[in-house]
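# Residue-level structure breakdown
Spelled out, the chains give:
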Amino acid sequence: MIDDKTLMEEAQKARGRSYSPYSHFRVGAALLAKSGKLYTGCNIENAAYSATVCAERTAFFKAVSEGEREFEALAIVGGKEGETSDFCAPCGVCRQVIAEFCPKHFKILLGNPEKFEAYTLEALLPFSFTEKDL
Ligand code: THU
């Protein structure tokens, strides 16, 4: 099983693959599935800005499209190009995507490999709208 620090290091490595020529804001994510497999993602920008995809969704969509449905933890590392990553919280759309597949107690690690904190999905997205509401 991958530990929290290793997951943060994988997110940091994924950040290195960020394609962000417009915002120069580089984000990496590392998603650990219950199967034990790791899925990483980076933000991928586009000249038509709205076609951009965040690092977290890249990781989730890679995993789900490979058949994964259950997840253990997600690490996110982001920050401005040329700067050491500090703290990057997931955007609202990514929080909603996480809530589609993960329970309230799902662990989300934010910060950098040297200094990070664990949050629950519920702390980041209280009063979420999910399938139970339909
Ligand atoms: N970004 C992410 O990849 N994840 C987040 O949670 C925050 C924002 C990306 C999207 C865009 O490429 C850049 O950061 C600036 O918004």
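Here's what I pulled together on the structure shown here. (Residues numbered from 1 in each chain as written. Predicted model: local features only at pLDDT ≥ 70, side-chain atom pairs only at ≥ 80, totals over all residues. Heavy atoms only, no water.)

## Notes on the nonpolar core
Formed by 24 residues in total, the largest nonpolar core has its most connected members in Leu-31, Phe-60, Phe-71 and Phe-106. Mapped onto this core, the elements with two or more residues apiece are β1 (25-33), α2 (55-65), β3 (71-80), α3 (92-101), β4 (107-112) and α4 (121-124). A total of five residues in this core trace back to one element, the largest contributor, which is α2. The residues touching Phe-71, leaving out its near neighbours within four places in the chain, are Leu-31, Leu-32, Ala-33, Lys-34, Phe-60, Ala-63, Val-64, Phe-101, Cys-102 and Phe-106. (Core = buried A, V, L, I, M, F, W, Y, C linked by side-chain atoms within 4.5 Å. Buried < 20%, exposed > 50% of the residue type's maximum accessible area, 1.4 Å probe, protein only. Helix = DSSP H or I, 4+ residues; strand = E, 2+ residues; numbered from the N terminus. Contact = heavy atoms within 4.5 Å.)

## Comments concerning the site of the ligand
In the vicinity of the ligand, the contacting residues are Ser-23, Phe-25, Val-27, Asn-43, Glu-45, Thr-52, Cys-54, Ala-55, Glu-56, Ala-89, Pro-90 and Cys-91. Note that an oxygen atom of the ligand is positioned 2.9 Å from one of the backbone N or O atoms of Ala-55. The separation between an oxygen atom of the ligand and a polar side-chain atom of Glu-56 is 2.7 Å. Look at the ligand: alone it shows 370 Å² of surface, and the protein chains cover 78% of it. Mapped onto the shell around the ligand, the elements with two or more residues apiece are β1 and α2. Across the shell around the ligand, the residue classes tally to seven nonpolar, three polar and two charged. (Near = heavy atom within 4 Å. Polar contact = N/O pair within 3.5 Å; in protein donor to acceptor, adjacent residues only side chain to side chain. Areas by Shrake-Rupley, 256 points an atom, 1.4 Å probe, with all protein chains shown as cover. Nonpolar A, V, L, I, M, F, W, Y, C, P; charged D, E, K, R; others polar.)

## Structural notes on the sheet that holds β1
The strand order across the open sheet built from five strands is β2-β1-β3-β4-β5, with neighbouring strands paired in mixed fashion. This sheet does not close on itself; its edge strands, each paired only once, are β2 (38-42) and β5 (115-120). On average, each strand axis in the sheet is inclined to that of its neighbour by 20 degrees, with strand direction left out of account. Two strands pair when backbone bridges link them, and β3 and β4 are joined in this way by four bridges, in the parallel orientation. Looking at the pairing, Ala-75 lines up with Leu-109 of β4. Running over the sheet, helix α1 (residues 4-15) touches β1, β2, β3, β4 and β5 and is turned about 45 degrees from β3. (Pairing = 2+ DSSP bridges. Axes fitted to C-alpha atoms, helices over the stretch in contact; angles between N-to-C directions.)

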